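Results of the structural survey
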Amino acid sequence: MAKRLAITGVSSMQAWDEGAKTYARPTRLRSVASFAASASDLAAFTTLPQGCTTPVEILVGDIAKRSKTRLWRACLKKDPLPSGSLWDLGDNRCLTAPEYFFLRTAPRLSFAQAVLLGMEICGHYSTLMSAPYRIYCDMVRREQGGSLLANPWPPTEWEMSVEHQRQLMQLGFISRPSLASGDGLRDYLSRALSEGSHSRAILAARHIKDGSRSPMESRLYARYCLPRRYGGLSLLPVELNRTFTLSADVAKTIGVTHYSVDLYWPTASIAIEYQGKEVHSGLTAEQRDRLKRNILEVEGVRILSIDAAQYDNKSVLELYGSEIAAGMGKASWELKPRRGEQQKRYALADELRDWESDLYRV
């Protein structure tokens, strides 16, 4: 089999973000087992994969070839890659899988940050630090009719208006299809037992849920649902983005067929909705939120709203947690912090606040 250039690290995640629709499971890309190691292969690398910024990270199997140019940076990998780690892009290029990125990155993160990384890979958003820069460059390119990038990427299906891109840049994330599933990630890790120090990756993967649509949604999940020994409230089971279908009469009256909520506890019939000012501010948005709350409460679903200021308020965390626990049939004393747990809750909040800066530090 011909050797292929293997794009890895943050570069591979940039490419996955850009081509998430093209590479979507289950058809995705054909799995391959080898990657380039020759100097001629590296010298032939002149075209950036769509979405990647320079230098692109490329796997090499020989320390003598571990070097760097303006276009690429060689990353050493001597041991065989776990099955399912490489996916063929064609033209003798391949990408390391998002699962491989998780395997390699999780050990240098805290437990909670590793969970958030997994939630992002298995969710519908990306917080890559390069994403706001890419959005900004493309926005300026469109407005000025010129190109600020040496290799500008073509518009993709999920690119929206310039104004919406400004909002996304302020939010610090972009929307894209999920890159993996929690079950698939756990299966990959079980096949990679010989990969080395990745116990934190396996441990974190046990608590990853599919379908998160924003970083704040994942953070709320971590604070309310992670085990108490890690600073969470251990309020399970929970569903992310649960959809409620409205009756035909109600749908006809308001012109909406269904509503979804960020986090939903089915045993308590309680949901938490994050009210981000970028999305929910304005009279019309407030009216929509109020209508949504009223209709869902008629259906028996209690809505608890939380904004950015309340997220950092430990009193709100404990109040909402107590209400959810009571709805689940738990006694109030069960949620009170035991010895050392209050400090763990503070530490968890700190870890979740600025985790992206740790994740993508190269």
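Residues numbered from 1 in each chain as written. Predicted model: local features only at pLDDT ≥ 70, side-chain atom pairs only at ≥ 80, totals over all residues. Heavy atoms only, no water.

Scanning the protein chain from N- to C-terminus turns up 16 helices and twelve strands. Relative to its 362 residues, the protein chain shows a buried fraction of 50%. Just so you have it, the protein chain exposes about 17300 Å², and 51% of that area is on carbon and sulfur atoms. (Helix = DSSP H or I, 4+ residues; strand = E, 2+ residues; numbered from the N terminus. Buried < 20%, exposed > 50% of the residue type's maximum accessible area, 1.4 Å probe, protein only. Areas by Shrake-Rupley, 256 points an atom, 1.4 Å probe, with all protein chains shown as cover.)

Strand order in the open sheet formed by four strands is β9-β10-β11-β12, with mixed pairing between adjacent strands. In the strand order of this sheet, the two ends are held by β9 (239-245) and β12 (302-306), each with one partner. The sheet shows a mean angle of 45 degrees between the axes of neighbouring strands, direction not considered. As defined by bridge partners, strand β10 (residues 258-265) adjoins strand β11 (residues 270-274) across three bridges and the pair is classed as antiparallel. Within β11, the position partnered with tryptophan 265 by the bridge is isoleucine 270. On top of the sheet, helix α9 (residues 215-225) reaches β9, β10, β11 and β12; it is set at about 35 degrees to β10, its chief contact. (Pairing = 2+ DSSP bridges. Axes fitted to C-alpha atoms, helices over the stretch in contact; angles between N-to-C directions. Contact = heavy atoms within 4.5 Å.)

In terms of backbone geometry, most residues other than glycine have negative phi values and most peptide bonds are trans. With an omega dihedral of 5 degrees, the bond running from leucine 236 to proline 237 counts as a cis peptide bond. Topologically, proline 237 is positioned in the loop between α9 and β9. You will see that serine 234, though not glycine, has its phi angle at about 60 degrees, which is positive. Residue placement: serine 234 occurs in the loop between α9 and β9.

We now examine the packing of aromatic side chains. Centre distance and the angle of the planes are the two values used to describe a pair of aromatic rings. Evaluated as defined, the whole model comprises three aromatic pairs. Ring geometry for phenylalanine 111 and tyrosine 230: centres 3.7 Å apart, planes at 20 degrees, overall stacked. Of this pair, phenylalanine 111 sits in helix α4 (residues 111-121) while tyrosine 230 sits in the loop between α9 and β9, placing them 119 residues apart in sequence. Exposure remark for tyrosine 230: the relative accessible area of 23% places this residue in the partly exposed category. When the ring of tyrosine 224 is compared with that of tryptophan 265, the centres are 6.1 Å apart and the planes differ by 65 degrees; the resulting orientation is edge-to-face. In this pair, tyrosine 224 is assigned in helix α9 and tryptophan 265 in strand β10, connecting sequence segments 41 residues apart. Judged on exposure class, the residue tyrosine 224 and its partner tryptophan 265 are both buried. Above the ring of tyrosine 311, the side-chain terminus of arginine 223 is found at 5.0 Å from the ring centroid. (Phe/Tyr/Trp six-rings, centres within 6.5 Å; stacked < 30°, edge-to-face > 60°. Lys NZ or Arg CZ within 6 Å of the ring centre and 35° of its normal.)

Before going further, it helps to examine the confidence of the model for the protein chain. Low pLDDT means the predicted coordinates in that region are not meant to be read closely. When pLDDT is averaged along the protein chain, the result is 78; 74% of the residues meet or exceed 70. Note on residues 129-141: pLDDT is under 50 here. Beyond four places in sequence and across chains, it has 30 contacts. Low pLDDT, under 50, characterises residues 356-362; the stretch is placed with 22 contacts to residues that sit more than four places away or in other chains. (pLDDT = per-residue confidence, 0-100.)

With 13 residues, helix α15 (residues 341-353) extends 19 Å from end C-alpha to end C-alpha; this agrees with the ideal 18 Å at 1.5 Å per step. The set of residues buried in α15 consists of Glu341, Gln342, Arg345, Leu348, Ala349 and Leu352. Buried residues of α15, seen end-on, are gathered within an arc of 115 degrees and therefore sit on one face of the element. (Expected span 1.5 Å × (residues − 1). Arc of directions from axis to C-beta.)

With 82 residues, the main nonpolar core has Phe102, Tyr224 and Trp265 as its most contacted residues. A total of eight residues in this core trace back to one element, the largest contributor, which is α4. When sequence neighbours within four positions are dropped, the list of residues in contact with tryptophan 265 reads Tyr224, Cys225, Leu235, Pro237, Val238, Ile270, Ile272, Ile324 and Met328. (Core = buried A, V, L, I, M, F, W, Y, C linked by side-chain atoms within 4.5 Å.)

Turning our attention to the pattern of salt bridges. For the coordinates displayed, the defined rule picks out nine salt bridges. Between aspartate 187 and arginine 191 there is a salt bridge whose closest N-O contact spans 3.2 Å. Looking at aspartate 187, the relative accessible area reads 40%, which means it is partly exposed. For arginine 242, the salt bridge is made with glutamate 239, and the minimal N-O distance between the two is 3.2 Å. (Salt bridge = Lys/Arg side-chain N within 4 Å of Asp/Glu carboxyl O.)

Here the focus is the pairing of β12. Counting buried residues in β12 gives four out of five residues, a clear majority hidden from the surface. Pairing between β11 and β12: five bridges, direction parallel. Following the sheet pairing, alanine 271 is matched in β12 by isoleucine 303.

Here we come to empty space enclosed by the protein. All told, the structure shown has two cavities of 30 Å³ or more when counted by the stated rule. In this structure, the second largest cavity occupies an estimated 30 Å³ of space. Taken together, Glu273, Gln275, Asp289, Lys292, Arg293 and Ile303 make up the lining of the second largest cavity. Top contributing element to the lining of the second largest cavity by residue count: helix α12 (residues 283-298), with three residues. Class assignment for the residues of the lining of the second largest cavity results in one nonpolar, one polar and four charged. (1 Å grid on protein atoms, 1.4 Å probe; cavity = no way out; pocket = protein on both sides within 12 Å on 5 of 7 lines; lining within 4 Å. Points joined across faces, edges and corners; volume = space filled by probe spheres on them. Nonpolar A, V, L, I, M, F, W, Y, C, P; charged D, E, K, R; others polar.)

This next bit is on the environment of arginine 4. By secondary structure assignment, the location of arginine 4 is in the segment before β1 (5-7). The exposure class of arginine 4 is buried, given its relative accessible area of 10%. Counting along the chain gives 31 residues from arginine 4 to phenylalanine 35, while the straight-line C-alpha distance between them is 4.5 Å.

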